[in-house]
Each structure stands twice: as C-alpha cells, then as structure tokens.
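# Understanding the architecture of this molecule
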Amino acid sequence: MGALRSYHETIAASERRSLLSPAGGERGMPRPLQRGGGRRVSDGEAADPSDSPTKSGAQKEGVQRARSVGNSVKMTSLLRFWHRRGSLPLGNDDDSSHGKVNLKLYVDEKGLRSEMKALPLQPIRLEPDGVSAPRSRTSSFLIFLNFGLVLVILLSLCGSFLWTLKMPRTPPSSNTDLYRGYRRLQQEIVQDFSDVGVLSLGLAKQRDLEFCPPELEDFVPCFNATVNPEEGSAEGRQHDRFCYPRSKENCLILPPKDYRVPLRWPTSRDVIWSMNVKITPEEVVSSGSFTKRMMMLEDNQISFRSDAVFVDEVEDYSHQIAEMIGLRNEDGFVNAGVRTVLDIGCGYGSFGAHLFSKQLLTTCIADYEASGSQVQLTLERGLPAIVASIDSKQLPFPFLSFDMVHCARCGVEWNQKGGAFLIEVDRVLKPGGYFFWTSSVTNTHRSARNKENVKKWKYIRNYAEKLCWDLLAQQEETAVWKKTSKRDCYTSRQPGTRPSICTKGHDIEYPYYRPLVSCIGGTQGRRWIPVEERTVWPLRATPNITELALHGLREADFDEDSISWRLMIQNYWSLLSPLIFSDHPKRPGDEDPSPPFNIVRNVMDMNARFGGFNAALLDAGKSVWVMNVVPIEKPSYLPLIFDRGFIGILHDWCEAFPTYPRTYDMLHADSLFSLEAVLQHRCTVFDIFLEMDRILRPEGWVVLRDKSSNIDIARSLVIQTKWDARVVELESNNDEKLLICQKQLIRMQP
C-alpha cells in the first residue's frame, strides 16, 4: 500500500503542476482520481472516493489533497481526460498484478458531483522520476477543433429544424413552397460549411500549376477530335462539341515559342503575326476562295491587303449583294435595318472586316480546325468569331437574333437532313431579314448540265418557299432570300405543309446546343418585329419603353444600369496601366497618360446582363467589340442584347468557351463569384480561372468586380495563374472591390 500511495501522490502532484502557470498563478483545477480494485463503480455506490470503505486512510488523504487544489475543471483537462482514456497499469509496466484504475471527474463547484462512465484506460508512459510525459498541444487543439465543428453542425441543424417548427401553419397548397424553403436553407448551410472548408484548407493546398505540353498550345476543349475520337466519329456529328468530364486540362497553356503581342486595331485587321496562329505555308497557298486569300510577308506576317485584286473582290461583292436587295451600295445596310450579321464559314473574316467599316457587326462561326482555323485567324485580326457547327445541334443564340445570315461557299449542304439546316437559319433570322448564299449550285447556267446541282437547287428553292422566304434576286453564283414579315404567311399555307409550326415545348427562345428541330420556331414570340420597322443603329442601342416591355424590363431599372456603367467605364479604363503593379502602386491620376483607346480590341463580358458594359464602352469611343456572355443559370437577357445591336452567346461556365487559346484582350466579370454559387458545385471558381487564362492573350487584362470577401479569395487564386494583380477599393460601394489583373507573357524555356 505504501507503493500505491506514493504512486497516487506522484500523479496528484503532476496534475497540480500541469495546471499552474509558470509564475505560480492558477491555470485550472486538478482532477480527482479514483483507483480501485479493477471493478466499475455502479450507480448505487458512493461517488466520492474518500467515502469508499475499501480505501485506506493514506489513499483518502491523497484524494483530499488532490481535491483541495480547486473545485473546477477547465476544458483542457476534459480533453486530456478524453484523449487519455484506456487502462493504466499500476507500478511497473511488467507488473499487471495491481489491476487497473478507473477515473471519475468532478466538475460541480457546489459539491454536486458529475460522473463520466468509466472507460477502458489506455496505458501512459512514465518518465524515470514517475511523472507522465506532457501531451502535445497540437493533439489537444485538433480534438478541440473537431469537437467545435461537430457542435456547430449540430446547432445549425437543430436551428433549422426549430425554425421550421416555428413557421406558421400554411394551407395544403403551400406545402411545396415550405418544403422548398426548408431545402434551400439546408443547401445554404452546406454551402456555408463548404466555404469554411475552402477558406481554412484552400490556401494551404495551393501549389504552382504546371505548364501544358507544347502540343496543347492551340487546345480547344470539347472540340479536339483527337481527345474524344469515339464521339467525334459519329456520322454527321464530327464537328459537334462534346463537353464530357475532364475535357479541360489543369495546366497553364503557353503561347508558341516565337509568339508576339498582336498589333493594335486597326492595323491588326490587315496584318497579323504568322507565328501567333497555327497555319502552314501550304494552307496559305491553297486558300483559293476570295474570302480566304492572303499573302505572306517577310516570313513572319500575314497580310490581308497585299493583293489589290483581293480587296477589290470583297468590296465589289459587298456592293453586289447590297444592290440585290434594292440598296444603292453597302452603306445603305444600316438604314435598311441591318446591323447584326451571322457569317457561316467566314473564311478568314475579310467579308466581316469590310462590313465593320459600314457599322455592321458580323459574327463568324466555323467548324473546329486543327490547323488553318478560320475562327483563330479571324479573332487574331480583331473580329468576332466562335467555334460552332449546325451539323446536328442548334446554335447558342436566341431565335430572331440576326438581321442577315451569309454563306459564301461555307460547305453546308442545305438540302440535307430534310431541310433542318435551313430551319435553323430561319430560327435565328429576324422577320424581314436576309439570307445570302453564294455557291456554284445557284449558278443555273453553269450547272445546267450538272443534274445533281440542278436537283439541289430545286429542293432548296422549294423548301425556302415553304419557310415563307421570298427569292429577291439571283445573280451569277449568289442568291438572296427575304424572310417574311407577316405571321399569317404560315397559317395561309396549304394544310399539312411541312415544316410545321413548333409547339411550345419545341419553340425554345434561347436553346443551349439542343438537337436540331424540324419545325418553324419564333413565330409566336413577342419579339416578332420586322427588320425594316426596327430603330436603326446606333439609336437601337437605347431601346424605348415599348421595346423594354417586350423583355419584362422597367425603364427606370434599365436607365439606372446604363448610368452606372457609364460612370464605371472611365474608372476601369484609367486602371489599365502598369502603374498599378509597380513597387509603389498608385491609382493613375490626371497627370498620367491615359491608356490609348485601342489598348484592347477583343473584349468579353462574362456576365453581361443587359449589355450595359458593351454600350458604355461604345459611348466612350473605345475601339472594341464585346462578346456578351449570358450564363445559362441566370435570367437570360440575351434577346435584349441582340435587339440592341450587340452580339452575345449563351454559355455554361463549367464548360470550355468555344474559342481558341489567346483570343481575347480583356475579360470583364461583374459578380462572377456570386455566379459560381449558382453553379451548384458542378465546378469550382478555380476551374473558371483556368479557362480565363486559356482564352486570355499574354499582356491581356482581367477586370473583376464582386463582394469584398469574394475578391479576397480571387486574389489568392490569381497567384497560381501567375498574373499581376491589384485590389482597388470602390469609393461608391464599401461592400465591393475591383480586382485588376494582367497576364504575363511567359515563354517555354528550352
């Protein structure tokens, strides 16, 4: 018993020392210990070890001395007790004859004793002097953190349950709304804990991203045929987009080794650096179409104005098609209500470049091409273009979007698939709009002996008539149709005429890569306004009250948005200067030179809403065009954007944008991270950042505006993309910040 008392006194003294501060101040109270003969203490037995009849006087005296140090126990003692649960041998490690010790914990200051059920005690090592080794503070902290997180989760779930119980009783008709509200609250709780996890662990897991291999320098996710050969080999679908899981690479795509920053507009319209695009000399020589012809200069430039004959051909062609619809020349397109043009298979954008000088905005669409891409070269020239195909899916545009659709030897077999391609053109064409088609098929004199061409031309002409298109003119290889401006044309057709009018289930205003349909869409829409009755450009950019009502907008809301963007553009533009990234960053002032009007050309608004950012840039006289992207999760005002005379596209930011790397000079996003919360965790914000880095040109700019907390998170992510970045406070709004970034020109080291 002497050995037992000595051991017990040693434990008690160790507990007192562990709970006293270095200066002798009291840190906590010791824990009363009870040791017994290896049996559990039942509920009916005495809880006080000093009252146990089996304990000796020396044991009781040791217990009383341990208790006299204090009568409260801190959380650290509780955690230490919890962590150290298990058996505790008495005496030497090899002597098991002394049995085991059970622990009881007393926490009531007024003599009321609380018990914890005895658990098997784990053995602890004793130092030579009989004092136990100190526990790791890290282990205690982790236990405390786990305990705290579990407690917070339980409190949150209980709170949501109590909140639901306290809700007033609702009639049976509102049970669905109540359930949805409860589900929404649960989702918000899960989102909050997810954000806590990102904030606590995200920064610690950051690491530098690796650079992609050189073969991916022109990588276009969802379109590279070599990436998904099984999908791409389907008949008639070899050019479709297929966004399947892991179709994007988690690496930074580097530019070609000889890459040079593109020339500024308008020089870039006529001359580009040949090393910036993937095209071979053979492809340059073989581009015989007048929309593709070009010349190489000094082995490192591609010129689109070196051939005077080529320039004259484009101008003469534009003049010809204007005359075919009754205009004096192409300058009259705007007054005829034409502003937006869809150019299918645009070559290298020369037709759109010429129309741009006439205030027409042309969007080029073409199939994905591994080399000699029409889209890549068109964007390099500073002209709008996206990778798209109508082989089997609808285009990502609303119905009734374009004033003109153009196809000059675009390669589309319009007589195939039962006229579905012509139906898709009709869907995106506004009432009274024009469809121009240049092909050898339309030249009836030359193809008179070609029975196949005669058959094609007859089919297309008859099908266009069923679509209520009027054939206005046919000259040499070019034919032009005008879509009807009257809805009753469709009802006046003979019964059973195909194609029929789409039902509501198939007449989707803004489909997202849905399969092609075999019915006429858009005829029941509120936006059925003929081209000739629309406000001409540039007055079209400011819709009136009646036009806003078609999109469910109030004039006050629209005006407020427009005024806000006009004020912000001047602020944004002044920040596009390397001054903000200097060692002593400062906001550019009046004494600093203003960035030139053409510092950027290709601009993307990643969350366009009404198109106010686009309108403000044009009002400020900036030489830009804007691709207005409307996320599929947001209420879509993309039809309004087209009706204002701008261009845009419907897009899911969890997928890759349909363009080549290094094609945009500036990316702008208002509330991008708030948008990510709507994406329902199908992707992360960092996935969007990687996609932004892919499509942004070296030395290009990123302007993000969002809540202060979201901008702080974005600033940490920018480190991995190796962008220069600066957070700018907004004087007009304390809850939001700006993040200005510039992508560096990084070359692959040999």
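Anything mentioned here points back to the structure above.
Keep in mind it's a predicted model, so treat the numbers as computed, not measured.

Glancing now at the sheet that holds strand S8 (residues 429–438). Backbone hydrogen bonds are what pair the strands of a sheet, in a parallel or an antiparallel way. Spatial ordering of the open sheet is given by S6-S5-S4-S7-S8-S10-S9, a layout of seven strands whose pairing is mixed. Only two strands of the sheet have a single neighbouring strand rather than two, namely strand S6 (385–387) and strand S9 (469–475). Taken pair by pair, the neighbouring strands of this sheet meet at an average axis angle of 20 degrees, ignoring direction. Judged from the six bridges that link them, S9 and strand S10 (residues 478–483) form a sheet pairing that is antiparallel. Its bridge partner lying in S10, Gln474 is registered against Ala479. Contacts between helix H12 (residues 420–428) and the sheet are confined to strand S4 (340–344), strand S7 (402–408), S8, S9 and S10, with S8 contributing the most and set at about 135 degrees to the helix.

Counted under the stated rule, the structure contains seven disulfides. Between the sulfur of Cys346 and that of Cys364 lies a disulfide, 1.8 Å long from S to S. Given an S-S torsion of about -60 degrees, the disulfide between Cys346 and Cys364 has left-handed geometry. Of the two residues, Cys346 sits in the loop between S4 and helix H10 (350–356) while Cys364 sits in strand S5 (residues 361–366), which places them 18 residues apart along the sequence. Neither residue differs from the other here; Cys346 and Cys364 are each classed as buried. Each disulfide pairs two cysteine sulfurs, and for Cys502 the partner residue is Cys519, the sulfurs being separated by 2.0 Å. Between Cys502 and Cys519 the sulfur-sulfur dihedral comes to about 95 degrees; the bridge is accordingly right-handed. Here Cys502 is found in the loop between strand S11 (500–501) and strand S12 (519–520), whereas its partner Cys519 is found in strand S12, with 17 residues between them in sequence. A residue is classified by how much of its surface remains accessible, and Cys519, at 9% relative accessible area, is buried.

Attention shifts here to the packing of helix H20 (residues 685–695) against helix H21 (residues 708–721). At a minimum axis distance of 10 Å, the contact between H20 and H21 shows a crossing angle of 45 degrees. Put simply, H20 runs oblique to H21. When the axes of H20 and H21 are compared, the crossing they make is right-handed. Here H20 contributes Val685, Phe686, Phe689 and Asp693 to the contact with H21, which in turn contributes Ala714, Leu717, Val718, Gln720 and Thr721.

Here we have seven strands laid out as an open sheet, ordered S15-S14-S13-S16-S17-S19-S18, and mixed in their pairing. The open sheet has two free edges, formed respectively by strand S15 (647–651) and strand S18 (723–729), since each of these has just one partner strand. Between one strand and the next, the sheet's axes are offset by a mean angle of 20 degrees, whatever the strand orientation. Pairing of S18 with strand S19 (residues 736–743) involves seven bridges; the strand directions are antiparallel. When the sheet's bridge partners are listed, Asp724 is paired in S19 with Gln742. Packing against the sheet, H20 makes contact with strand S13 (602–605), strand S16 (664–670), strand S17 (696–707), S18 and S19, and its axis sits at approximately 145 degrees to S17.

So, how was this worked out
- Residues numbered from 1 in each chain as written.
- Predicted model: local features only at pLDDT ≥ 70, side-chain atom pairs only at ≥ 80, totals over all residues.
- Heavy atoms only, no water.
- Pairing = 2+ DSSP bridges.
- Helix = DSSP H or I, 4+ residues; strand = E, 2+ residues; numbered from the N terminus.
- Axes fitted to C-alpha atoms, helices over the stretch in contact; angles between N-to-C directions.
- Contact = heavy atoms within 4.5 Å.
- Disulfide = S-S within 2.5 Å.
- Buried < 20%, exposed > 50% of the residue type's maximum accessible area, 1.4 Å probe, protein only.
- Parallel < 35°, antiparallel > 145°, perpendicular 65-115°, else oblique.
- Left-handed = near helix turned anticlockwise from the far one by under 90°.

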